[in-house]
Amino acid sequence: MRSALIFPNIMDPESFRQHGHELIDWLADYFTNIESYPVASRVAPGDLRRALPRSAPEQGEPFDRILADFRELIVPGVSHWGHPGWFAYFPSNSSPPSVLGELLSAGLGVQGMSWATSPAATELEQVVMEWYRRLLDLPEGFTGVIQDTASTSTLVAFLTARDHAVADRSRLVAYWSPEAHSSVGKGARLAGFAADRCRVVPVDQRFAMRSDALSEMMAADMAAGLVPAIVVATMGTTGSTACDPLRAIGEICRRHGAWFHVDAAFGGSAAILPEIRPLLDGVELADSMVTNPHKWLLTNFDCSAYFVRDVGALKQTFSTSPEYLRTAQDDEVANFRDWGIPLGRRFRALKLWFVLRSYGAEELRVMIRQHLALGHELASWVDAEPDFERLAEAPLALVCLRHVPPALAGDEVALAAHNARIMERVNATGRVKLTHTTLGGRYAIRVAIGAFRTERRHVEEVWGLLKGMIDDR
Ligand code: PLP
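Presented here is an overview of the structure given in this document. (Residues numbered from 1 in each chain as written. Predicted model: local features only at pLDDT ≥ 70, side-chain atom pairs only at ≥ 80, totals over all residues. Heavy atoms only, no water.)

Attention now goes to the site of the ligand. Neighbouring the ligand are 14 residues, the closest being Ala150, Ser151, Thr238, Asp263 and Asn292. Interatomic distance of 2.8 Å between a backbone N/O atom of Ala150 and an oxygen atom of the ligand. For the ligand, an oxygen atom lies 2.8 Å from a polar atom in the side chain of Thr238. Relative to its unbound accessible surface of 390 Å², the ligand loses 92% to contact with the protein. Of all the secondary-structure elements, those providing two or more residues to the shell around the ligand are helix 6 (150-164) and helix 10 (293-296). Residue composition of the shell around the ligand, by class: four nonpolar, eight polar and two charged. (Near = heavy atom within 4 Å. Polar contact = N/O pair within 3.5 Å; in protein donor to acceptor, adjacent residues only side chain to side chain. Areas by Shrake-Rupley, 256 points an atom, 1.4 Å probe, with all protein chains shown as cover. Helix = DSSP H or I, 4+ residues; strand = E, 2+ residues; numbered from the N terminus. Nonpolar A, V, L, I, M, F, W, Y, C, P; charged D, E, K, R; others polar.)

Laid out in structure tokens, this is it:
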């Protein structure tokens, strides 16, 4: 029967139900068989674009045909971050409860810009952020809000710090270490910190920021009439999961009145373990902190938890109150449009709520503990292998290593080329995916353990491949 809507009702509730079941079936099979896919896509640049029409269809197409194209054209171009052989970049997990939460969020189509635009979106976000604050044992004075990414969270910190500082903008200085994520320098730039107002504070042997150097740099800046405005410290750097000394840095910030932002995007979730929480020691002194459930906490992208001490300062920077958004409840509720950059906000709290309730804190701790144990085990295998070198400590299940054949020892350029070749050959098997970085000028292959399907046999496999793909030419 033809719908009474003016706009044709292409997918009525019954066909939505049918196709929805098909898609959930497809995903359930995908989760079961994910290991049979090559971890990283093998398509070449342009393959997919060439396979698809240049314009949108004039007439609607049957969903079956769209789904067939998804299977045949799109899936080969997908890299499988949930594959147990995913050791690249950083863990970015999805999980079945999270996917279902995301589905509901999309289906509800809520815009959570204000409390009044969907009260549950705001209040559930407040509840899950408080749950997460407690799980991380963060100070009671911290209040959480979900941002899309850590990059946005850090930009929010820069913008707030800039407005909070009591000096004209041209004199404000920002500090971070060379191991900080690229989003930090980007955030500073976007917030208007000129290059000559950005300081890169040296790191120690463990790739952690040297607080003594920070202190000296701040003193020199102040002597020159400048104003230290913000320091960004990292708990769990992207390169090697190094952890900056938060307490010492926080004390320096307090002394000089600088905003203290902690980037724990990657490693922060591990602080739900009491044995890892000491790596966050000193976060009590922070003004803001970011950690990403969309990395290690089984919540699919995007879901970045931003905690802030002074909500008033945050709102001062981001509040807007045009007539068309005003409501009778504004004085008694949180309107999250005032806590960040975008106006429209997705109902992200649903998926995090599904995850926290489905797994429970204990199961999440078990998973992260297993990853950490696997990281320590791999580190011990590397240490025991004479021609392999570990390039950093591995506090958070990321092992940085390289092969150093005696003939190449000391030749950094040759070692980089040699290890890049090993990594390429390992990746070409399609069984695992690795990426690299440089640490102290040395090429490092990174093995980031944290995909939730990864078991000991997968770590054994990546280690076997690394040893087996040595090209001694
Ligand atoms: N900070 C750190 C330490 C990271 O490791 C990453 C991502 O790897 C980011 C920030 C950026 O995260 P997002 O993609 O959420 O912006």
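Of the two faces of strand 6 (residues 288-291), both are covered, the one formed by Ser288 and Val290 as well as the one formed by Met289 and Thr291. Pairing between strand 5 (residues 259-263) and strand 6: three bridges, direction parallel. Looking across to strand 6, one finds that Asp263 is bridged to Val290. Where strand 6 meets strand 7 (residues 304-308), four bridges bridge the pair, whose relative direction is antiparallel. Across the sheet, residue Ser288 finds its bridge partner in strand 7, namely Val308. (Buried < 20%, exposed > 50% of the residue type's maximum accessible area, 1.4 Å probe, protein only. Pairing = 2+ DSSP bridges.)

This brings us to the layout of surface pockets. As a volume, the largest pocket reaches approximately 480 Å³. In terms of lining, the largest pocket is formed by 20 residues, of which the most central are Tyr30, Phe31, Trp81, Gly82 and Ser94. Per element, the largest residue contribution to the lining of the largest pocket is four residues, and it comes from helix 1 (residues 13-33). In terms of residue class, the lining of the largest pocket is built from eleven nonpolar, seven polar and two charged. In this model, the second largest pocket occupies a volume close to 330 Å³. As for the second largest pocket, its lining consists of 17 residues, of which Phe16, Gly20, Leu23, Ile24 and Leu103 are closest to the centre. Of all the elements in the fold, those that place two or more residues in the lining of the second largest pocket are helix 1, helix 3 (63-74) and helix 4 (96-108). A total of nine residues in the lining of the second largest pocket trace back to one element, the largest contributor, which is helix 1. (1 Å grid on protein atoms, 1.4 Å probe; cavity = no way out; pocket = protein on both sides within 12 Å on 5 of 7 lines; lining within 4 Å. Points joined across faces, edges and corners; volume = space filled by probe spheres on them.)

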